[in-house]
Amino acid sequence: MTTVTTPAGRESQREPAGLPEAPVGHTTGWWAMVLFICTESATFAAALASYFYLRFIGSGPWPPVADSRPSLLVPSVGTAVLVLGCVPMGVAVRAARRPGRLLAWVSLVVTMLTGVAFVVLQIVDYRGEWPDSTLSKDAYGSLFYSITGLHGLHVAVGVLMVAVLVASTSLRRIGGGEAGPVRIVAMYWYFLAVLALAVYGTVYISPYL
Amino acid sequence: MLAPKQRRLLMALGCVLTSGVVAGCDRSTPSALDPSGPKSDLVATSWWILFSVAAAVCILVTVLAVVPMLLRRRRRQVKGGDGKRFVMICGIILPGLVLMATFALSVTDIATDASPPRPSRMTIDVIGHRWWWEVRYQGSAAVTANEIHVPVGTPVQLRLQTADVIHSFWVPEVMPKMDLLPKRVNETWLSVSRPGTYRGQCAEYCGLQHAHMAFLVVAQPRADFDTWLGRQAQDAPQPTTAEAQRGLSVLTQSSCATCHTVRGTSANGDVGPDLTHVGGRQRLAAGAIPNDFGHMSGWVANSQTVKPGNIMPPQHLSPEDLRAVVTYLQGLE
Amino acid sequence: MPPTTQPTQPTTADARPRTSSLRGVLAERASAEAAVGEKLDELWEEEPGLIGFITTVNHKRIGRRYLVTASFFFVLAGVNALIMRTQLGSPDNKLVDPELYNQLFSLHGTAMIFFFATPMNSGFGNFVVPLMIGTRDMAFPRLNALSYWIFLFSGLFMFSSLPLGLAPDGGWFAYVPLTGDKYLPGLNLDFYTLGLLFLAVSSTVGAINLIVTIIKMRAPGMSLNRVPLFVWAILVQSFMLVFALPPLDTANAMLFMDRRFGTRFFVPSDGGDAILWQHLFWLFGHPDVYIIVLPAMGMISSVIPTFSGRPILAYPFVVLATIATGIISFGVWVHHMFAVGLSDVSLSFFAAATLTISLPAGIQMFAWLGTLWRGRIVLSTAMLYAVGFLVAFTLGGVTGVMFAVVPFDQQVTDSYFVVAHFHYVLFGGAVLPILAGLFYWWPKITGRMTNARAGLWSFGLVFGGFNLTFFPMHIAGLLGMPRRIYTYQPGLGWTVWNVLSTVGAFVLAAGLLLTLGLFVHSLVRGERAPDDPWGANTLEWATGSPPKDYNFPVIPTVHSGNPLWDGRTLPSMVEHRHDPGRTLTEEHKTLRTSELDSRVEAVMTMPEETALPLLVAVLLTSMFVALLVSAYVAAGIIAGFMAVAVTWWLWHRPEVEPG
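Residues numbered from 1 in each chain as written. Chains lettered and ligands numbered in written order. Predicted model: local features only at pLDDT ≥ 70, side-chain atom pairs only at ≥ 80, totals over all residues. Heavy atoms only, no water.

Asks: Which residues make up the packing of helix 5 (residues 141-160) of chain C against helix 18 (residues 612-628) of chain C, and what values do they have?
Replies: All names here are of chain C. For the pair helix 5 and helix 18, interaxial distance at closest approach is 8 Å and the crossing angle is 30°. As summarised for this structure, helix 5 and helix 18 are arranged roughly parallel, according to the angle between their axes. Considering the relative orientation of helix 5 and helix 18, their crossing is right-handed. Mapping the contact onto sequence places Arg142, Ala145, Leu146, Trp149, Ile150, Phe153 and Phe157 in helix 5 and Pro613, Leu614, Val616, Ala617, Val618, Leu620, Thr621, Phe624, Val625 and Leu628 in helix 18. (Axes fitted to C-alpha atoms, helices over the stretch in contact; angles between N-to-C directions. Helix = DSSP H or I, 4+ residues; strand = E, 2+ residues; numbered from the N terminus. Parallel < 35°, antiparallel > 145°, perpendicular 65-115°, else oblique. Left-handed = near helix turned anticlockwise from the far one by under 90°. Contact = heavy atoms within 4.5 Å.)

Structure representation (structure tokens):
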């Protein structure tokens, strides 16, 4: 970097022509995922805020008399599994940066399975709650199913993304140094885990408080 | 606040400015700038203060924006500098002072409006429907529609609710508006300082006939009001002519009775307005038409021609029955 | 080799150099094109004809399409308004029945805000931003194409309801319980909820695209303190969209579910609440008005310095004002609900916040005014519209401040006074700047100049008509006329003001029609435009009129906030014309730079044209149509196809950089 003084007396830096040896900095894809996470966070913030608003605006008990408090066993296991799934995801990111694809592939498959387990457990939970609580019985039910359902949908999309990564790794298009897409999906996966905790706290735990 | 004489002068000036030579300050204009109650008074005064400041700012900015255009051929040289101090003073400090004063005005007005000057001793329930106003006087059997009588100079508590969608209660000459919300009661108060009839209208879009959901606030001297309320609390007067008698039987035996209540008869519906003293009201159909024989006949026969889409279906009555019913209703004063 | 023009003054960016060329091709550009133009042409040129039309990913073509399509929706929504004004031109008028009127006014508001104002700004953003920051395309060109197609199809989806007699009729803010299925059954409000959810996809990805472009693709040397104000405005607006759309989407999804699946979010008897809708809606709705106005103000910040011959006054304050407006706008939404019956504490808090937000606007206003006073003015049509904006927006702004006095708000909200207010800030604060921007960038977009005298007539009729239409509404409102009424009775003192407004509306329409004619005439017979007809100071004027597909033959190195006036940025294009790190003639590439200082980080390969965006848009449209007609299984299947298409899309990404 050479420093040049202009006739007006200001110093300025003349950029060297040419390019950096290796790419540095965050990619456009990385930023796109960050912003996508921002917008989805705002969506869930609106949904969870609506939950608490409707709870406290009315004067009755919560859950309303017609409903019972949600059962905790199945959702707790599901949430724990999803959150723990961040570990293999992190392993996959590191592994993808190094040569060799086996560790990355295995970690991605394990991650995917935690996501599948979460969705399955959510369906089991729904079967337990129905028909005591339904989508259209009252606002409590509407909130319960739509908030958890929205999150479950996001997890399902996450599972698909990881599945694509698994296929990509099998076809040698990523891994072995090529880790960009894995990093980006990982960010989304961690976001799903944080969301799971927020949804769990709101929908399952707060009725007990 | 301003003395009455000064206030009237200001109001006259305001009338001229705002209503123009052509329209004039018509007594039937529901003007927020022609206040007849303390709440509207407060707002009108605040308006003139705000208007003066706003006009000054607009004139200043217009001059500052237009003059450089007009004088453009005179300036040959661009003036440099980054202008931070200019923007700081004119853009932050001066407006900041104006805005703080505005906030002080806002907070003071909110506080003044919050409760009446004296405690009110009458409460009126107003329930909004699509597209009419149900009015009930607490502590009395009086139930009416689309016309609210109050004693002059007395604060009255209002409890606003809706039976269906959101409406808004607005009588510009008397008070700023307040919404009618489902499953909630909005409490507010009003007071009218001059006797007279003041027009109000629903101010929250409520569907097809939102445009025809007006009402009247009638302020009367205390004695007159007490008489009125007493009469409203009574059951419907007995019919005095044969025609009216026939009208009563038509009413109770036809579909009228399924939707309307006439206290003292078997008509006990609660879909439409209470008609017990409908004959004494100034207007019909939530202010849409005057209350006279011809208009009422037209309304009863086919209200859809006046308020298309309203919930009252056309009534298939023979001309004689129609005349009888309207005769009866007109007698319910 | 043509000599580079050196300005004879010292190299400072305080003012437009006297010797900057206003004719023909900029010497620096000519020199750079001579070195690498042909090679780049080959790489960046797109297919002609229908194939090219369907598959383009070029930001300039897409930007132009946004402008044309948004203008089309503007005309449709404007015709709605003309019919409304005609109906209100006399009391007890029977021109339209209440059902049609209610559809007209609801669609007018919805279309103007969602399908005209924001997309028009996107059009300018799309076209101008990559040029202004010195790069070759948007960060995600295929996503850019997708966001356009979705905008087009969602607009058609929404408007198709009108000829079917099923246009939304709940007002543009669609308050429940009116808009629940109990009181407004029928497809009207389903068009509304689905149409807006559909559009939101376009707006969200468009915003993300613009943010990433602005953060990661600025020319080397364009550090944050050198970014043009229009780009700052688009950046802030895009962040606002990212955070403001979600509450709206949540509300629309909840309303759709209430109407179709019997959920109870807004049903008070079953634990729901009608005011929840209002909170969610206005949490979006208030930032939305600044989403509309900020880019417009950014355009004014481009126009005024150019025609004053000097940089804007107090640039850092204007940047801070833009950011402050964006942030504070999320904290004032309750001022749309002052008549709902909330606590006095709430009222006072939001009154204070509402007053605060007018401070940044004041900062910008005086920066513009100060620039005018210190500059050497050249009057052009764009400048006329800019001055018109200054006057109109001030008037709208001061009535806005009045609304912070809560009891006054309670008198005039939901009356024609507020209709006057928001038309002054929306027409005055967005349409006038959009027209200024159109006249300003017209030569760059089309390569033609417009007729100055016709421009004068355009401004006169539009500005005069606009004021005649909306000023009387202040008075009608103060005289007690509520809004959203399809007719009114004679004898209330409202008639004369309505007549004036109606006359004004036709004058305004005539002015807009004249303006349209003026633009068409320019396209057909206008004088050819040079690179930089106005002697402006930002990078887009260092390209051709219209620019080549690749924008810059040599990516410039930026040395100041006024790159065309500082005497160093333009010569950098000549200096680096043989440097492959700036000409990037291998494949379809451009530079990725750092967020704050815009140092070069990497070279990115940009995608070629493809029909995938159109395919995904068509699939998404079918999905929304399926939802509309309650074909939920079909919608699910289509969603599956979309997942496949999107996977295919992301699979075939251009050469990904390791990271």
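Structure shown, so let's carry the discussion forward.
Asks: Hey, could you go over the interface of chain C and chain B for me, with residue numbers and the actual values?
Replies: Interface size, as often reported, equals the accessible area lost upon joining of the parts. Residue-level contacts link 94 residues of chain C with 90 residues of chain B. For the chain C and chain B pair, buried surface summed over both sides reaches about 7,700 Å², with 69% attributable to carbon and sulfur atoms. On the chain C side of the contact with chain B, Phe366, Trp373 and Gln411 of chain C bury the most area, a combined 10% of that side's loss. Applying the counting rule to chain C against chain B returns 1 salt bridge. Two residues, Arg184 of chain B and Asp273 of chain C, come together in a salt bridge whose shortest N-O distance is 3.0 Å. At the junction of chain C with chain B, the criterion picks out 30 residue pairs in polar contact (both at pLDDT 80 or more). (Buried area = accessible area lost by both parts, 1.4 Å probe. Salt bridge = Lys/Arg side-chain N within 4 Å of Asp/Glu carboxyl O. Polar contact = N/O pair within 3.5 Å; in protein donor to acceptor, adjacent residues only side chain to side chain.)

Asks: Could you give me a rundown of the packing of helix 5 (residues 242-253) of chain B against helix 8 (residues 319-330) of chain B, with the residues and numbers involved?
Replies: Residues and elements named next belong to chain B. Two elements in contact, helix 5 and helix 8, have axes whose closest approach is 7 Å; the angle formed by their N-to-C orientations is 100°. The angle between helix 5 and helix 8 places the two elements in the roughly perpendicular class. In contact with Glu243, Ala244, Arg246, Gly247, Leu248, Val250 and Leu251 of helix 5, helix 8 contributes Glu320, Asp321, Arg323, Ala324, Val325, Thr327, Tyr328 and Leu329. Residues that form the contact of helix 5 with helix 8 fall into these classes: 8 nonpolar, 2 polar and 5 charged. (Nonpolar A, V, L, I, M, F, W, Y, C, P; charged D, E, K, R; others polar.)

Asks: Break down the side chain of Asn291 of chain B for me, citing the residues and quoting the values.
Replies: Residues and elements named next belong to chain B. Tracing the sequence through the fold places Asn291 in the loop between strand 12 (289-290) and helix 7 (293-301). A polar contact is formed between the side chain of Asn291 and the backbone oxygen of Val278, at a distance of 3.0 Å. Not counting residues up to four positions away in its chain, the partners in contact with Asn291 are Val278, Gly279, Arg281, Gln282, Arg283, Leu284, Met296 and Gln330.

Asks: Quick rundown of the packing of aromatic side chains? Include the residues and the values.
Replies: Aromatic ring pairs are reported here in terms of the distance separating the ring centres and the angle at which the planes meet. One pass over the structure, following the stated rule, counts 78 aromatic pairs over all chains. Both rings, one in Trp62 of chain A and one in Tyr140 of chain A, keep their centres 5.3 Å apart while their planes meet at 75°; by these two values the pair is edge-to-face. Remark: Tyr140 of chain A occurs in helix 5 (residues 139-170) and Trp62 of chain A occurs in the loop between helix 1 (28-57) and helix 2 (73-84); sequence separation between them is 78 residues. This pair shows no difference in class: Trp62 of chain A is buried, exactly as Tyr140 of chain A is. Clustering of aromatic rings is evident, with ring pairs tying together Phe53, Tyr66, Phe72, Phe73, Phe115, Tyr148, Trp149, Phe151, Phe153 and Phe159 of chain C. (Phe/Tyr/Trp six-rings, centres within 6.5 Å; stacked < 30°, edge-to-face > 60°. Buried < 20%, exposed > 50% of the residue type's maximum accessible area, 1.4 Å probe, protein only.)

Asks: Could you give an account of the state of the cysteines, naming the residues involved and the relevant values?
Replies: In a disulfide, the sulfur atoms of two cysteines are covalently bonded to one another. All names here are of chain B. Inspection of every chain in the model, using the stated rule, returns 0 disulfides over all chains. Counting only cysteine sulfurs, Cys90 is the nearest neighbor of Cys58, a cysteine outside any disulfide, at a range of 16 Å. Residue class for Cys58 comes out buried when judged on its relative accessible area of 15%. With no disulfide of its own, Cys202 lies closest to Cys206 among cysteine sulfurs, the gap being 3.8 Å. (Disulfide = S-S within 2.5 Å.)

Asks: Would you mind going over the confidence of the model for chain B in detail, with residue names and values included?
Replies: Residues of chain B with pLDDT of at least 70 account for 92%, and the chain-wide mean is 91. Taken together, the stretch residues 19-25 of chain B has pLDDT below 50 and engages in 9 contacts with residues farther than four places along the chain or on a different chain. (pLDDT = per-residue confidence, 0-100.)

Asks: Describe the sheet that holds strand 9 (residues 196-202) of chain B, listing the residues and the values that go with them.
Replies: All names here are of chain B. The 5 strands lie next to each other as 4-10-9-6-7, forming an open sheet whose pairing is mixed. Each edge of the open sheet is held by one strand with a lone partner, namely strand 4 (147-151) and strand 7 (175-180). Strand-to-strand twist across the sheet, computed as the mean angle between neighbouring axes with direction ignored, equals 20°. Relative to strand 10 (residues 214-220), strand 4 is paired through 5 bridges, and the arrangement is parallel. (Pairing = 2+ DSSP bridges.)

Asks: So, the pairing of strand 2 (residues 600-605) of chain C: which residues are in play, and what are the values?
Replies: Residues and elements named next belong to chain C. Across the 6 residues of strand 2, 5 count as buried, placing the element largely inside the fold. Judged from the 5 bridges that link them, strand 1 (residues 589-593) and strand 2 form a sheet pairing that is antiparallel. The residue bridging Thr590 from the neighbouring strand is Met604, located in strand 2. Linking two consecutive strands that pair antiparallel, namely strand 1 and strand 2, is a turn of 6 residues; a positive phi of about 60° is found at Ser598 within it.

Asks: Any chance you could break down the sheet that holds strand 8 (residues 186-190) of chain B for me, citing the residues and the numbers?
Replies: Residue and element names in this part refer to chain B. Read across the sheet, 5 strands follow the order 3-2-1-5-8 without closing on themselves; strand pairing throughout is mixed. Two strands in the sheet have a free side with no partner beyond their single neighbour: strand 3 (143-145) and strand 8. Taking each pair of neighbouring strands and ignoring which way they run, the sheet shows an average axis angle of 25°. Two elements, strand 1 (residues 123-129) and strand 2 (residues 132-137), share 6 bridges in a ladder whose sense is antiparallel. Along strand 2, the bridge assignment pairs Ile124 with Tyr137.

Asks: Break down the environment of Ser560 of chain C for me, with residues and values.
Replies: Residue and element names in this part refer to chain C. You can see Ser560 is positioned in the loop between helix 15 (495-525) and helix 16 (569-575). Judged by its relative accessible area of 11%, Ser560 is buried. For the pair Ser560 and Leu614, spaced 54 residues apart in sequence, the C-alpha to C-alpha distance is 40 Å. A polar atom in the side chain of Ser560 sits 3.1 Å from the backbone nitrogen of Asn562. At a separation of 2.7 Å, a polar atom in the side chain of Ser560 contacts the side chain of Asp566.

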